[in-house]
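Results of the structural survey
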Amino acid sequence: MELSKVQWNGRAYAEFRDYLLSFSDEKYRAFHSGLCKTSRYPIIGVRLPIMQKISSEIVKGKPLYFLMAASVQSYEEIMIRGLVTAKLKMPLAEKFVYIEEFLPYIDNWAVCDSFCTALKPKKNELYMLFEFCKEHAFSQNTYETRTAVVLMMRYLLTDEFGEDVISIWKYRLYRILCRYGGCLGSFGELYKIPRENA
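Residues numbered from 1 in each chain as written. Predicted model: local features only at pLDDT ≥ 70, side-chain atom pairs only at ≥ 80, totals over all residues. Heavy atoms only, no water.

Below, the discussion takes up the packing of aromatic side chains. The full count for this structure, using the stated rule, is 11 aromatic pairs. Seen in terms of ring centroids, Trp8 and Phe66 are 4.9 Å apart; in terms of plane orientation they differ by 75°. Their pairing is edge-to-face. Note that Trp8 is positioned in the segment before helix H1 (10-21) and Phe66 in helix H4 (residues 63-69), a separation of 58 residues in sequence. Summarising the burial analysis for this pair, Trp8 and Phe66 share the class buried. (Phe/Tyr/Trp six-rings, centres within 6.5 Å; stacked < 30°, edge-to-face > 60°. Helix = DSSP H or I, 4+ residues; strand = E, 2+ residues; numbered from the N terminus. Buried < 20%, exposed > 50% of the residue type's maximum accessible area, 1.4 Å probe, protein only.)

Below you can see the structure in the form of structure tokens.
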């Protein structure tokens, strides 16, 4: 299947799903299912390097039509959707709309971390990425929060953003302690976090 030349629609996507199934590996499926128990979708057993190659080929063609045609039924389809989203050849400011559409699909660590690794923002886009991470770091959705944290760890622990990132992590930890362990005054005093902000 020449993914860079596909005219994406429902029928083409159904053919793509069959194409993806041709790479399934039962032993790997069983192994990876044990690692990604939070996935809401079945795992068919396609290895990550294959999915990375597939996503790169899709991006060479008409990736936005692919995203519109996609109707995910498996973990692998979500992974590829995330990789395609991350690799879209457009400025990060324009890409955010597709990232926001993708976030609700993230339901396991592997999809989250693979997406974050593939994003690769430019240096002059890091401020926008920091603002995005600040917005999502306190989400009630576990994997939305994880996405923000992984992006900060991967791209924002720099001289320019490092202190602000650490402050966000401290504040988040304090809120968790207040919610589940009672307000621990010594922690708040140590990091000078006002109790009323918890």
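With that settled, the discussion passes to the state of the cysteines. Chemically, a disulfide is nothing more than a covalent bond linking the sulfur atoms of two cysteines. Taken as a whole, this structure holds zero disulfides when the rule is applied. Residue Cys116 stays outside any disulfide, its sulfur separated by 4.3 Å from that of Cys112, the closest cysteine. The exposure class of Cys116 is buried, given its relative accessible area of 0%. (Disulfide = S-S within 2.5 Å.)

By the secondary structure assignment, Ala148 is in helix H9 (residues 142-155). Sequence spacing of Ala148 and His136 is 12 residues, and the spatial spacing of their C-alpha atoms is 5.9 Å. For Ala148, the contacting residues outside a window of four places in its chain are Cys133, His136 and Ala137. (Contact = heavy atoms within 4.5 Å.)

Residues Phe31, Leu35 and Trp109 make up a contiguous nonpolar surface patch of about 310 Å² in total accessible area. When you line up the elements, Leu35 lands in helix H2 (residues 26-35). (Patch = residues over 30% accessible without salt bridge, like charges linked within 9 Å, V, L, I, M, F, W, Y side chains within 5 Å. Areas by Shrake-Rupley, 256 points an atom, 1.4 Å probe, with all protein chains shown as cover. Salt bridge = Lys/Arg side-chain N within 4 Å of Asp/Glu carboxyl O.)

This part covers the environment of Asp107. For Asp107, the location among the structural elements is in the loop between helix H6 (92-102) and helix H7 (109-119). Its relative accessible area of 4% is what places Asp107 among the buried residues. For the pair Asp107 and Thr38, spaced 69 residues apart in the sequence, the C-alpha separation amounts to 6.2 Å. When neighbours within four sequence positions are excluded, Asp107 is seen to be in contact with Thr38, Ser39, Arg40, Tyr41 and Tyr143.

Here the focus is the confidence of the model for the protein. Model confidence for the protein is summarised by a mean pLDDT of 87, while 86% of its residues fall at 70 or above. A low-confidence stretch, residues 182-198 (pLDDT under 50), is modelled with 25 contacts involving residues beyond four sequence positions or located in other chains. (pLDDT = per-residue confidence, 0-100.)

What follows deals with the pattern of salt bridges. Following the criterion strictly, the structure yields nine salt bridges and no others. The partner of Arg146 in a salt bridge is Asp113, with the nearest N and O atoms 2.8 Å apart. Taken together, the positions of Arg146 in helix H9 and Asp113 in helix H7 put the pair 33 residues apart, joining distant regions of the chain. According to the relative accessible area criterion, Asp113 is partly exposed, its value standing at 21%.

Attention now moves to H9. Relative to the 20 Å expected for 14 residues at 1.5 Å per residue, H9 spans 20 Å between its end C-alpha atoms, a close match to the ideal helical length. Tyr143, Glu144, Thr145, Thr147, Ala148, Val150, Leu151, Met152 and Tyr155 are the residues of H9 that are buried. At the N-terminal end of H9, a side-chain oxygen is found 2.9 Å from the backbone nitrogen of Tyr143, two or three residues along, and the residue is Asn141. (Expected span 1.5 Å × (residues − 1). Polar contact = N/O pair within 3.5 Å; in protein donor to acceptor, adjacent residues only side chain to side chain.)

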